[in-house]
Amino acid sequence: MNAPFRSGAAGWTLGLCSIALLAASSPAAAEPPAGAADAAPAQAGTHRLDKRFNVDGRAMVTLSNAQGTIVVKSWQRMEVEILAEHSSDGVEVDAVQHGNRIELLTHVLRDDISPAELQANYQIFVPEETELEIKNDSGSVSVRQVYADINVDTVLSKVELTDVSGNLTVHTVDGSFTCTRCVGRIEFASTSGGARFLQATTRSLRAQTFSGELFYDGPFSPNGNYKLSTASGPIQLLLSGTDSVKLSVHSRKGNVENQVKLKPESHTFGFLGGRKDSSSLVGTMGTGLARVELTSFSGKIFIRKRD
Amino acid sequence: MQCQEFDRYATQWMEGERAPEAAEHFQACARCSTKIADLELIASAAATLPELDPPASLWISLHARLEEEGLLRTRRSLGERLREYFPAPPRTALATATIGALAALLLFIPQSPEPGISMDGGGSPSTWSFARVHDQLASAEAEAKRDVRLRDPEVVASYHQNLAMVDNLIGECQRKVNEDPNDELARQYLVTAYQQKTDLLSALSERDALGD
């Protein structure tokens, strides 16, 4: 195991840049020697870590952070670069390498720390095929162009995955999720967070939230399985005339609004049959190659035409 | 051997089998060697736990998840099942007890029950004792509220609000089930809500153990 690099040690850069500025800058623009940590003090009150790790295969990065902005992007190098920043002396960032696994942890140094002092922001550059496991209770998590399994676990963070592929798993309590041009198996579970799936390419989508809103606009793969479920939140699905789906829609207490033409099924699903206060719809579009199930307890379900 | 193949081989590995191609992959792959190390840690921790009488809530949660995943018909390795439930080692008493009980359940669950066979030792799902589940989860919630100390008040507030929301759904579904025991969707949402409450309490406990 390599020695950990810590934000509280003498090797910290005190930086002017916020993570937003870091995000805007090119990763290749400022290149410290590989394997070395930056150590240039810049501004009192801000602690910054810039650390690179060489990897020689499929890397894995794990991050556990309480509060802050997490940005992960890929690049073409077989290196993982960590740019971390926090303003409090009450937290410390540890970065440890075990082979191709990089572990990042923001940990609390004092018991009397205020909530505002918990914040630590990260910008991480990784090889394209890097697995990610990210825990960030509040703030935001953004991942772009990473092609391996991604697991995000959060309470309040807004999560954005863009142009990624792999087994994608996002769990939130209250945080929202936007999945843009995601490829692979997608799983989202939340209590009150919503999710938007935009132009995903997947054969397996499972999204469940209690009060959040679920929105799907994208193609449906032949033999794909799409399950969206809420308790009280609305569900919105966009379909075009060329889609081939078999649709099962059930809301125990909410309404189902359908704008598209479906061929009715001869055998209907028996869940809600006969209940006056429930809505149900089962039908096929095209040859019905993909299976789509939308279920809510009391939320409204909208099936709309894609423009 | 690729990682996926090694994943399928993990159970045999944990039972002491060392096929040459698996050993070669294990030596070369940091990801798989880390996973095995995690499993060994869980196995050694589980061996030291006292025997527990698992609460009914765990039956409910486990059954719902297994059924949802289609696992009641599929044999999966112990390693896969453990990994699904325990991505990180437990650190608090509450999490440890939960993990111990779940591990015990996972070990003794029939591997391939026929579809429709209940998991509660005789009754159908309709005979599940929701009242018992409710009481046990209420007790776990009281314990979590008493013992768990998170530093970020927004995170704490979010947990409390979401637990309250899940409680409301439990109440609503319970009323529907009482009115009509054949209301299958209300029953499913009731099970899902209990599962969600279990998950929230477990996550709350885990975050506390990790020091926020």
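Each chain has its residues counted from 1, following the order in which its sequence is written. The order in which chains are written sets their letters, starting at A; the order in which ligands are written sets their numbers, starting at 1. Only residues with pLDDT of at least 70 are given local features in this predicted model, and only at 80 or more are side-chain atom pairs given and counted; all residues enter the totals for whole chains, interfaces and linings.

J.: Looking at this structure, I do not really get the overall build of chain B. What am I missing?
T.: Of the regular secondary structure elements, chain B holds nine helices and zero strands. The exposure label follows from counting other C-beta atoms within 10 Å of a residue's C-beta, where the C-beta atoms are placed from the backbone and the thresholds are 20 or more for buried and 12 or fewer for exposed, leaving partly exposed in between. Looking at chain B residue by residue over its 212 residues, the buried ones come to 34%. Once C-beta atoms are placed from the backbone, any two residues with those atoms within 7 Å are in contact. Looking at chain B alone, contacts between residues at least 24 apart form 77% of all its contacts between residues at least 6 apart. Only DSSP runs of H or I reaching four residues or more are called helices, and only runs of E reaching two or more are called strands; each is numbered from the N terminus.

J.: What am I meant to see in the overall build of chain A here?
T.: When helices and strands are tallied, chain A shows one helix and 24 strands. The buried share among the 307 residues of chain A stands at 49%.

J.: In this structure, what is going on with helix α8 (residues 153–179) of chain B? I would like to understand it.
T.: Note that an α-helix has 3.6 residues per turn; residues three or four places apart therefore point the same way. The terminal C-alpha atoms of α8(B), which comprises 27 residues, lie 39 Å apart, in line with the 39 Å expected from a rise of 1.5 Å per residue. Residues B:Val155, B:Ser158, B:Tyr159, B:Asn162, B:Leu163, B:Met165, B:Val166, B:Leu169, B:Ile170, B:Glu172, B:Cys173 and B:Lys176 constitute the buried set of α8(B). Helix span, as expected, comes to 1.5 Å for every residue beyond the first.

J.: Which parts of the structure should I look at to understand the interface of chain B and chain A?
T.: Quoted interface sizes are often the accessible area lost when the parts come together. On the chain A side, the residues contacting the 24 residues of chain B number 30 residues. Sorting the residues of the side of chain B that touches chain A by element identifies α3 (30–47), α8 and α9 (184–209) of chain B as the ones contributing at least two each. Ranked by the residues each element gives to the side of chain B that touches chain A, the list is headed by α8(B), at nine residues. Ten residue types, Ala, Val, Leu, Ile, Met, Phe, Trp, Tyr, Cys and Pro, are classed as nonpolar, four, Asp, Glu, Lys and Arg, as charged, and the remainder, Gly among them, as polar. For the side of chain B that touches chain A, the per-class residue count stands at twelve nonpolar, five polar and seven charged.

J.: Got a minute to help me understand unusual backbone geometry in this structure?
T.: What you tend to see is this: most non-glycine residues have negative phi, and most peptide bonds are trans. Residue and element names in this part refer to chain A. Residue Arg 181 is not a glycine yet carries a positive backbone phi of 50 degrees. In this structure, Arg 181 sits in the loop between β12 (177–180) and β13 (186–190). A positive phi is found at Gln 199, a non-glycine position, where the angle reads about 55 degrees. Take Gln 199: it is sitting in the loop between β14 (195–198) and β15 (204–209). For Gln 199, a count of 13 C-beta atoms within 10 Å corresponds to the partly exposed category.

J.: Just to check I follow, could you spell out the environment of A:Gly139 for this structure?
T.: All names here are of chain A. Tracing the sequence through the fold places Gly 139 in strand β8 (residues 130–144). We classify Gly 139 as buried; it has 22 C-beta atoms within 10 Å. Put simply, Gly 139 and Thr 154 are 15 residues apart on the chain and 9.2 Å apart in space, counted from C-alpha to C-alpha. Beyond its immediate stretch of four places on either side in the chain, Gly 139 contacts Gln 67, Gly 68, Thr 69 and Ser 157.

J.: Looking at this structure, I do not really get the nonpolar core. What am I missing?
T.: The nonpolar side chains of a soluble globular protein tend to be buried, and buried together. A:Val61, A:Val80, A:Ile82, A:Tyr122 and A:Cys179 are the most contacted members of the largest nonpolar core, which totals 67 residues. In terms of residue count, the dominant contributor to this core is strand β3 (residues 59–75) of chain A (eight residues). Dropping the residues within four chain positions of it, A:Val61 is found in contact with A:Val80, A:Ile102, A:Leu104, A:Ile124, A:Val126, A:Thr130 and A:Leu132. Residues of type Ala, Val, Leu, Ile, Met, Phe, Trp, Tyr and Cys that are buried and joined through C-beta atoms within 7 Å form what is called a nonpolar core. By size, the runner-up hydrophobic cluster in this structure holds 27 residues, among which are B:Ala140, B:Met165, B:Leu169 and B:Tyr194.

J.: Is there a simple way to think about the packing of helix α1 (residues 3–14) of chain B against α3(B) in this case?
T.: Helix-helix packing is described using two parameters, namely the angle between the two axes and the distance between the axes. Residues and elements named next belong to chain B. α3 packs onto α1 with a crossing angle of 30 degrees between their chain directions and a minimal axis gap of 11 Å. Looking at the two axes, α1 sits roughly parallel to α3. Crossing of α1 over α3 shows right-handed handedness. Side by side, α1 and α3 meet where Cys 3, Phe 6, Ala 10, Trp 13 and Met 14 of the first sit next to Arg 31, Cys 32, Ile 36, Leu 39 and Ala 43 of the second. Its residues placed into classes, the contact of α1 with α3 shows nine nonpolar, no polar and one charged. With axes taken as lines fitted to C-alpha atoms, and helix axes fitted only over the stretch in contact, angles between N-to-C directions fall between 0 and 180 degrees. Angles are sorted into four bins: roughly parallel if under 35 degrees, roughly antiparallel if over 145, roughly perpendicular if 65 to 115, and oblique for all others. Here is the rule for handedness: rotate from the far helix to the near one, and if that takes an anticlockwise turn smaller than a right angle the crossing is left-handed, while a clockwise turn gives right-handed.

J.: What am I meant to see in the confidence of the model for chain B here?
T.: Low-pLDDT portions of the prediction should not be read for the details of their coordinates. Residue and element names in this part refer to chain B. Note: pLDDT gives the predictor's confidence per residue, expressed from 0 to 100. Averaged over all residues, the pLDDT of chain B is 68; the fraction at 70 or higher stands at 56%. Contacts for the low-pLDDT stretch residues 73–93, under 50 throughout, to residues beyond four places or in other chains number 33 contacts. A low-confidence stretch, residues 99–128 stays under pLDDT 50, and its non-local contacts, those more than four residues away or across chains, total 36 contacts. For this predicted complex, the interface score ipTM comes out at 0.77, while the overall pTM is 0.70.

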